[in-house]
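# Tertiary structure, described
Residue strings, one per chain:
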Amino acid sequence: MPIARCNSQIPAPVPSPIPTGRGTRSAANEIFSQFLEKKLQLPELTLPGPHLPLSPAEIDLRSLPARSADLMLRSAREFGAFRIRCHGISGSELGTMADEAERVFKKSKKVVVVDRNGPGGQMIPCVRSSKGALEFTAHKIIGDQTHRKFWIHMGNVASSLDSIVEQVTLVLQQKTPKEFKERIQDTEAVICLCRYPHNNVPKQNEDVSVKKKDRLCDHALRFYLPMEHCIFYVQTERGPLSFDAGPENIVVTVGKQLEEWSHGVFKCAPGEMIFMPSFQSSPASFSIELICSASSNLSHSLNNSEKIISLTDQILIVFCLVFLYQFLYFIFS
């Protein structure tokens, strides 16, 4: 018992201090460091290859045709559409045109009706482009020569769009047969000012009928430049897609003609813009759209547009018929 009591009073040895990063390194530290180096070594990772996004590709115009050509072609094949940023068209210039656009439509004598999920918008063919030559066609539709500042801006935008079309068509001709190149080089374009009333907002989930799809795709390429932010809706073979669009982007869709010329390589996709009006906005939204088609198709479309009777002429005809009816009724009564 005394021995046990004496042993309990003997103090326990003090533990050795925990080694730190300072001072000399012991053998235990060396072994522990080697263990950490083996365990904490990052594995070799391989990044996945380039893949197509879930929406049409966004192309920097400044990188065409060198760096972004492949991405643009892939998007045209998969989605039938792509977007162009840094297009060089001033946002302030588009804003000035949007302020004047409503007055331009009120002055117009003839307006071409565009089908857009029911009662559609309106458009005025302003400039016609053929092999680099621009011709104003608006004077045939707009009776007077007012809004000179607006038409100067329209000429600048039309010239920029015509240059963009030339760059895009050059990329589309890469690795294509001679027949395709000849057809796309023989296309003509018309630049239109389009008006979309806010009381005719389409339903995004509404299916596009075959007949309407044919009308919306009766061209080779279509370039959309909205003057304000909107949701762009495109019907692809993979299903409907929607994404944000605005003055900073040009949305390009593939038409039926380009799909036929490429034997189905590029996919036709009808597209339309869905504007979200605010309480302080105007009664309509505006965009500039360039329609690129085969020469014969474009001439046929413009000839049909000139045969459309304006609303003023229709009212005048009704009054004439009523007057004629009353006159005949008075004579024979």
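Residues numbered from 1 in each chain as written. Predicted model: local features only at pLDDT ≥ 70, side-chain atom pairs only at ≥ 80, totals over all residues. Heavy atoms only, no water.

## Quick word on the pattern of salt bridges
For clarity, the cut-off: Here a salt bridge means any side-chain nitrogen of Lys or Arg lying within 4 Å of a carboxyl oxygen belonging to Asp or Glu. The helix count covers DSSP runs of H or I at least four residues long, the strand count covers runs of E at least two residues long, and both are numbered beginning at the N terminus. Under the scheme applied here, a residue whose accessible area is under 20% of the maximum for its type counts as buried, over 50% as exposed, and between as partly exposed, the area being computed with a 1.4 Å probe on protein chains only.
Summed over the entire model, instances satisfying the criterion amount to eight salt bridges. Glu78 is paired through a salt bridge with Arg238; the nearest N and O atoms lie 2.6 Å apart. On the criterion of sequence distance, the pair formed by Glu78 in helix 3 (residues 69-78) and Arg238 in the loop between strand 8 (230-236) and strand 9 (239-245) is long-range, its members being 160 residues apart. Between Arg195 and Glu102 there is a salt bridge, and its shortest N-O distance comes to 3.2 Å. Residue Arg195 is located in strand 6 (residues 187-197), and its partner Glu102 is located in helix 4 (residues 91-107); the two are separated by 93 residues in the primary sequence. Judged by relative accessible area, which is 16%, Glu102 ranks as buried.

## Overview of the packing of aromatic side chains
How we decide: Between rings of Phe, Tyr and Trp, where Trp is taken as its six-membered ring, a pair exists when centres lie within 6.5 Å; planes separated by under 30 degrees are stacked, by over 60 edge-to-face, and by other angles tilted. Two conditions define a charge sitting above a ring: the NZ of Lys or the CZ of Arg must be within 6 Å of the ring centre, and it must be within 35 degrees of the ring normal.
Within the structure shown, the criterion is met by five aromatic pairs. Between the aromatic rings of Phe180 and Phe266, the centroid separation amounts to 6.1 Å while the plane-to-plane angle is 40°, which identifies the pairing as tilted. You can see Phe180 sitting in helix 6 (residues 178-185) and its partner Phe266 sitting in the loop between helix 8 (256-261) and strand 11 (271-275), a full 86 residues away along the chain. The exposure class assigned to Phe180 is buried, which follows from its relative accessible area of 2%. A connected cluster of aromatic rings, assembled from ring pairs, spans Tyr224, Phe232 and Phe243. Of note, Arg83 hangs over the ring of Phe243, and the distance from its end group to the ring centre comes to 4.7 Å.

## Things to note about helix 4
The condition is simple: Multiplying one less than the number of residues by 1.5 Å gives the expected span of a helix. Bend, at a single residue, is the angle you get between axes fitted to the 7 residues ending at that residue and the 7 residues starting at it. We call two residues in contact when some of their heavy atoms are within 4.5 Å.
For helix 4, with 17 residues, the first-to-last C-alpha span of 25 Å sits near the 24 Å given by 1.5 Å per residue. The largest bend in helix 4 amounts to roughly 40° and is located at Glu100. All of the buried residues along helix 4 are Glu93, Leu94, Met97, Ala101, Glu102, Val104 and Phe105. The inward-facing, buried residues of helix 4 contact strand 4 (122-130), helix 5 (148-172), strand 6, strand 7 (221-226) and strand 12 (284-294).

## Describing unusual backbone geometry
In this structure, Pro65 follows Leu64 across a cis peptide bond, with omega equal to 0°. By the element assignment, Pro65 lies in the loop between strand 1 (58-60) and helix 3. We note that Cys86 has phi near 55°; this positive angle belongs to a residue other than glycine. In this structure, Lys175 is a non-glycine residue whose phi angle is positive, near 55°. Mapping Lys175 onto the fold places it in the loop between helix 5 and helix 6. Note on Lys175: relative accessible area 89%, which makes it exposed.

## Section: the pairing of strand 7
Test applied: Whether two strands pair depends on DSSP finding at least two bridges between them.
Burial runs high along strand 7: six of the six residues are buried. Side chains Leu221, Phe223 and Leu225 project from strand 7 onto one buried face, and the interleaved Arg222, Tyr224 and Pro226 project onto a second face that is buried too. Relative to strand 10 (residues 249-254), strand 7 runs antiparallel, the two being bridged by four bridges. Opposite Phe223, over in strand 10, you have Val252 as the bridge partner. Pairing geometry for strand 7 and strand 12, over six bridges, is antiparallel. Residue pairing in the sheet places Tyr224 in a bridge with Glu289 of strand 12.

## Remarks on the sheet that holds strand 11
The strands making up a sheet associate through hydrogen bonds between their backbones, and the pairing can be parallel or antiparallel. In plain terms, the rule: Axis definition: a line fitted to C-alpha atoms, limited for helices to the stretch in contact. Angles are taken between N-to-C directions and run from 0 to 180 degrees.
Here three strands make up an open sheet; going across it, the order is 9-8-11 and the pairing antiparallel. At either margin of the open sheet sits one strand with a lone partner, and together these are strand 9 and strand 11. Taken pair by pair, the neighbouring strands of this sheet meet at an average axis angle of 25°, ignoring direction. Relative to strand 11, strand 8 runs antiparallel, the two being bridged by five bridges. Looking across to strand 11, one finds that Tyr233 is bridged to Glu272.

Nothing here speaks to function; it is geometry throughout.
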